[in-house]
Amino acid sequence: MKSTPFIHGWSVTAKRGIFDVVDGEGPAIEHVTLPHDAMLALPRSADAAAGNHSGYHAGGAVEYTRTLELTPDDSDRVHSLVFDGVYRDAMVFVNDHFAGQNANGYTRFAVNLDPYLRFDAPNIIRVESRAHRDSRWYSGLGIHRNVALVSGPRVHIALDGVRVTTPDVDAAEAMVVVETTVANDGLHTRTVVVSSALEAPDGSVVARVSSPLTLLAGESGAVRERLLVEEPALWSPDTPSLYTAAVAVQDGDTLDEHRATFGVRRLQLDVRHGLRINGRTVKLRGACIHHDNGVIGARSIARAEERRVEGLKQAGFNAIRSAHNPISPELLDACDRLGMLVMDESFDMWAESKTQFDYSTAFPEWWQRDLESMVAQDFNHPSVVFYSIGNEIPETGRPHGARLSRLLSEKLHELDPTRFTTNSINGLVSVMRELPPLSSDQAQDVNGAMANMGDRMTELVASDLVTERTEESLGAADAAGLNYGDGRYLADADRFPHRVIIGTETFPTRIDLAWPMVMENDHIVGDFTWTGWDYLGEAGIGRVDYTEGGGFLGTTGPFPWLLAWCGDIDITGFRRPASYYREIVFGLRTAPFIAVQRPHSENVRPGAGPWSWSDSVASWSWAVDEGTPLRVEVYSDSDEVELMLNGRSLGTAATGRNNRYRTEFTVPHEHGELVAISRSGGVETGRELVRSAAAELELSAVADRTKIRSTDDDLAFVTITLADSAGIARLDSDRPVSVEVAGPGMLLGLGSARPQTEESYLTSTHRTFDGRALAVIRPTGSGTITVTVTSEGFDPQVVTVVAG
């Protein structure tokens, strides 16, 4: 059927009850283009009900409204609205008649409009949604993913009605099966012809077939067509080749058509070879990611999702885990094109709640429909290799929860037998009710318990208690997903010799311990760090605070903390030191890396948690007195590194795996150049340097692309920097920058990676952080967009972006 973006012409306002509206004026109305995140505009405060979970944003209820005009000629067609995601408890009304709902904030759902439509007057579409203490991270609020109007003739291809599989694949040929479901919503029996043509990555047609199909009135039926493709271009992370199945339904004329993108690839999983794609073992260098896109909030816009995948892949990752909800279609498309493997996760909770008003109340009624929605969306995406049935589910340590694990896993196998299932089990969570509380806080905060347990966490997850309680749940899936369970990796090879293991969530500071186990053991297929890209909410779980005593921190960053501050990459797309350390541990970087801890008084010590990296940056520009001692970290996989300051050697220290790939020097600050030289066996393997910035700074603004599409799914990202003429940023000279947009574009978001701030991303002025800020520009038409960046004391910077 024809799918038309249905994202313009909407208005949004705070939801009020019908009796509230009668008494006094209604709330303010804002005109918006979808996707949209209403939570960004809500106030933040220290007493916000959701606390650090939402980044101290308030919750609320909103309603979106727009009109749909049809003509009498449209009355013989079928019409639906398809919502890719509405957070949360969406209620859809057409002409004030209830038409549909969806409890989950991340699953796609369709609403049949036909019973409620009129063709002689505009139709009023109204969508309500709510968010209130129902998420452990920043959820956003509203229609945060795309919406499409889907319409077609009475005989049409069903929604998600084209499914492509490649059951037999080798280098010489591939069998491609195209299954097309056709619906007859007419009043008479119809015989139609279903034709399928396969287009290679270069656009040439490599196979074609057609089949007749007879359908009674009100009946749906499927055609399975088998097509042989010779010398197929196989899809893999290194060669993400994509084919297209062009399907048409004809009755003399073409009644309906659909194009489905897919990849030709073969998946295998076992303890001897791990995960194989096209016969080749692939180790998953994984990143857990939440769904928000930083300064534009929870909006899922194709270019923003693509940019995240680009950044993650450049940092060395080859897989992402959609923590802890079904992934957006735009992110899936980007993963297909760029060769990023996907573990798509279904739920963060089952029937037992994690927050006061979360999805748990809907789970018993909705879980099957939500799995069906996730699989229908994912089915043709070659990037998806695993489905996760849940994240850190408390029920997994009990018999009835283990039974439910099996039901969910088998439901996924029924819906999609071509992929593997896993779970993301945290041994602490599975047995928490059987443990004495470590403190009054930990009884209610799992993250706090994990932070305070330290090394005891590793001991607990490997204990006999956890082994016994989780055996059935872990065995219900194709691969055992272990959150913070690297203490089980080797022991489980003996206890459960046929168990395949995935490190579904791991502490960032333990990658040097976990990754060698992944590489050296066939039954361990990969590691997913928490987290690859920083995010809003769970504010401050990765922070470093300075106190007299230092030590471990709790996991609640006080207001105005906004960001989690635990990502390898910050919300603007800038790589933090942990990212380069991980790249070295992965074996993807031979040059060393220098990170300098921010200077603080000698009377305080850093305090951190298990998700914290050191409070370091790759900079030698500090507003401190000459001679002030600074701690310099050097990361390297070589035998040793030598550190030099302005040409003078400061000594040599051992690095490499036996030294956790790092060493530290205490260096008296001196303006100039700091160089690290790595050597193995006496031979230089690489060098890295950091320089002090000059005293005179410049304001710069650079767009990631100067030409973009004039479509709603494209964006321009403008990086704003305060740096010297060589591009070296100053970390101690942050100041407000302002952005003005002229021409066919709008400022969608402006912000920095500052983890604690009271500033909004919706204003046109924002303070830099570590000398950087990011502006996101959305095109509103074709033509030249002019972006002017100003800051007091600097020459204005003008960036032009052509949208066409």
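Residues numbered from 1 in each chain as written. Predicted model: local features only at pLDDT ≥ 70, side-chain atom pairs only at ≥ 80, totals over all residues. Heavy atoms only, no water.

Student: Can you help me understand the overall build of the protein chain in this one?
Tutor: Looking only at helices and strands, the protein chain features 12 helices and 48 strands. In terms of overall dimensions, the protein chain is globule-like: its C-alpha atoms have a radius of gyration of 27 Å, near the 28 Å expected for 804 residues. Taken across its 804 residues, the protein chain has 59% of its residues classed as buried. Pairs at least 24 apart in sequence give 71% of the contacts found in the protein chain among residues at least 6 apart. Total accessible area on the protein chain is roughly 31200 Å²; 48% of this is exposed by carbon and sulfur atoms. Looking at charge distribution, the protein chain has the averaged site of its 73 positive side-chain charges lying 2 Å from that of its 111 negative ones. (Helix = DSSP H or I, 4+ residues; strand = E, 2+ residues; numbered from the N terminus. Rg over C-alpha atoms; globule rule 2.2 N^0.38 Å. Buried < 20%, exposed > 50% of the residue type's maximum accessible area, 1.4 Å probe, protein only. Contact = heavy atoms within 4.5 Å. Areas by Shrake-Rupley, 256 points an atom, 1.4 Å probe, with all protein chains shown as cover. Lys, Arg positive; Asp, Glu negative; His and termini not counted. Charge placed at Lys NZ, Arg CZ, Asp CG, Glu CD.)

Student: It is not clear to me how the packing of aromatic side chains should be interpreted in this structure. Could you clarify?
Tutor: Each aromatic ring pair is characterised by the separation of its centres together with the angle its planes make. If you walk through the whole model with that rule in mind, you get 24 aromatic pairs. Relative to Tyr 359, the ring of Phe 347 lies with its centre 5.7 Å away and its plane at 15°, an arrangement referred to as stacked. Of the two residues, Phe 347 is situated in the loop between strand E23 (341–345) and helix H4 (363–378) and Tyr 359 in the loop between E23 and H4; the sequence distance between them amounts to 12 residues. Tyr 359 sits in the buried class, given a relative accessible area of 4%. With a centroid separation of 6.3 Å and an interplanar angle of 20°, the aromatic rings of Phe 363 and Trp 367 are classed as stacked. A residue pair is termed a helical-turn pair when its members lie 3 or 4 positions apart in one helix, as Phe 363 and Trp 367 do in helix H4 at four residues. We note that Phe 363, like Trp 367, is buried. (Phe/Tyr/Trp six-rings, centres within 6.5 Å; stacked < 30°, edge-to-face > 60°.)

Student: How should a negative patch on the surface be read in this particular structure?
Tutor: Taken together, the side chains of Asp 168, Asp 170, Glu 173, Glu 230 and Glu 231 make up a negatively charged region of the molecular surface. Note on placement: Glu 231 falls in the loop between strand E15 (220–230) and strand E16 (243–251). On the accessibility criterion, Glu 231 (67% relative accessible area) is exposed. (Patch = residues over 30% accessible without salt bridge, like charges linked within 9 Å, V, L, I, M, F, W, Y side chains within 5 Å. Salt bridge = Lys/Arg side-chain N within 4 Å of Asp/Glu carboxyl O.)

Student: What am I meant to see in the pairing of E16 here?
Tutor: Each regular strand carries side chains that alternate between the two faces of the sheet. Extensive coverage of E16 is indicated by the burial of seven of its nine residues. Inspection of the sheet shows E16 paired to strand E17 (residues 253–262) by nine bridges, in the antiparallel sense. Counted as the bridge partner of Gln 250 is Thr 254 from E17. Here E16 folds back onto E17 in antiparallel fashion, the turn holding one residue, of which Gly 252 has a positive phi close to 80°. (Pairing = 2+ DSSP bridges.)

Student: Got a minute to help me understand the state of the cysteines in this structure?
Tutor: One covalent bond between the sulfur atoms of two cysteine residues makes up a disulfide. Under the definition given, this model contains zero disulfides. Looking at Cys 288, it has no disulfide partner, and the nearest cysteine sulfur is the one in Cys 566, 9.8 Å off. With relative accessibility at 0%, the residue Cys 288 sits in the buried group. Lacking any disulfide linkage, Cys 335 is separated from the closest cysteine sulfur, that of Cys 288, by 14 Å. On the basis of relative accessible area, Cys 335 is assigned to the buried category, the value being 0%. (Disulfide = S-S within 2.5 Å.)

Student: In this structure, what is going on with the sheet that holds strand E34 (residues 629–635)? I would like to understand it.
Tutor: Adjacent strands of a sheet form backbone hydrogen bonds with each other and so pair up, either parallel or antiparallel. The sheet built from four strands is open, its strands ordered E33-E31-E34-E37 with antiparallel pairing. On the outer flanks of this sheet lie strand E33 (616–617) and strand E37 (662–668), each paired with one strand and no other. With two bridges joining them, strand E31 (residues 593–597) and E33 adopt antiparallel strand pairing. Paired with Gln 597 across the bridge in E33 is Ser 616.

Student: Got a minute to help me understand the side chain of Asn 146 in this structure?
Tutor: Inspection of the secondary structure assignment puts Asn 146 in the loop between strand E9 (123–131) and strand E10 (147–152). One polar contact links Asn 146 to Glu 330, side chain to side chain, over a distance of 2.8 Å. Ignoring sequence-local partners within four residues, the contact set of Asn 146 consists of Ile 7, Pro 35, Val 82, Phe 83, Asp 84, Ser 300 and Glu 330. (Polar contact = N/O pair within 3.5 Å; in protein donor to acceptor, adjacent residues only side chain to side chain.)

Student: Just checking my understanding: could you explain the layout of surface pockets for this structure?
Tutor: In this approach a probe as big as a water molecule rolls over the atoms, and the regions it shows empty are the leftover space. Quantified by volume, the largest pocket comes out at close to 1400 Å³. The wall of the largest pocket is formed by 46 residues, among which Ser 3, Arg 108, His 258, Pro 329 and Asp 333 lie closest to the centre. Broken down by secondary-structure element, the contributors of at least two residues to the lining of the largest pocket are strand E1 (2–5), E10, strand E11 (155–169), E17, helix H2 (302–314), helix H3 (329–338) and H4. The element contributing the most residues to the lining of the largest pocket is E11, with seven residues. Here the residues of the lining of the largest pocket are counted per class, giving 19 nonpolar, nine polar and 18 charged. (1 Å grid on protein atoms, 1.4 Å probe; cavity = no way out; pocket = protein on both sides within 12 Å on 5 of 7 lines; lining within 4 Å. Points joined across faces, edges and corners; volume = space filled by probe spheres on them. Nonpolar A, V, L, I, M, F, W, Y, C, P; charged D, E, K, R; others polar.)

Student: What is the right way to read unusual backbone geometry from this model?
Tutor: What is expected of a backbone is that most residues other than glycine have negative phi and most peptide bonds are trans. Backbone torsion omega between Tyr 87 and Arg 88 reads -5°, so that peptide bond is classified as cis. Looking at where Arg 88 falls in the secondary structure, it is placed in the loop between strand E5 (78–83) and strand E6 (90–94). Trp 530 connects to Thr 531 through a cis peptide bond whose omega is 0°. You will see that Tyr 56, though not glycine, has its phi angle at about 65°, which is positive. Position of Tyr 56 among the secondary structure elements: in the loop between strand E3 (29–32) and strand E4 (60–68). One non-glycine residue, Arg 133, lies in the positive phi region at around 50°. Here Arg 133 shows up in the loop between E9 and E10. Residue classification places Arg 133 among the partly exposed positions, given a relative accessible area of 31%.

Student: Looking at this structure, I do not really get H4. What am I missing?
Tutor: Three- or four-residue spacings in an α-helix give side chains the same orientation, since the helix completes a turn every 3.6 residues. For H4, the principal kink sits at Arg 369 and spans about 25°. Among the structural elements, strand E7 (97–102), E11, H3, E23, strand E24 (384–391) and helix H5 (399–415) are those in contact with the buried residues of H4. (Bend = angle between axes of the 7 residues up to and from the residue.)

Student: Looking at this model, I keep getting lost on H5. Mind explaining?
Tutor: Given a rise of 1.5 Å per residue, 17 residues ought to cover 24 Å, and the 25 Å separating the end C-alpha atoms of H5 matches this to within 8%. Taken together, the buried positions of H5 are Gly 401, Ala 402, Leu 404, Ser 405, Leu 408, Ser 409, Lys 411, Leu 412 and Leu 415. If you follow the buried residues of H5, they end up packed against E11, H4, E24, strand E25 (420–424) and helix H9 (464–475). (Expected span 1.5 Å × (residues − 1).)

Student: So what exactly am I meant to see when it comes to empty space enclosed by the protein here?
Tutor: For the structure shown, the criterion picks out seven cavities of 30 Å³ or more. In terms of lining, the largest cavity is formed by 16 residues, of which the most central are Tyr 87, Asn 104, Tyr 106, Met 349 and Tyr 359. Around the second largest cavity, the lining is made up of 14 residues, and of these Arg 136, Asn 447, Glu 505, Trp 530 and Glu 538 lie nearest the centre. Its residues placed into classes, the lining of the second largest cavity shows six nonpolar, four polar and four charged.

Purely spatial values, then, with no claim about function.
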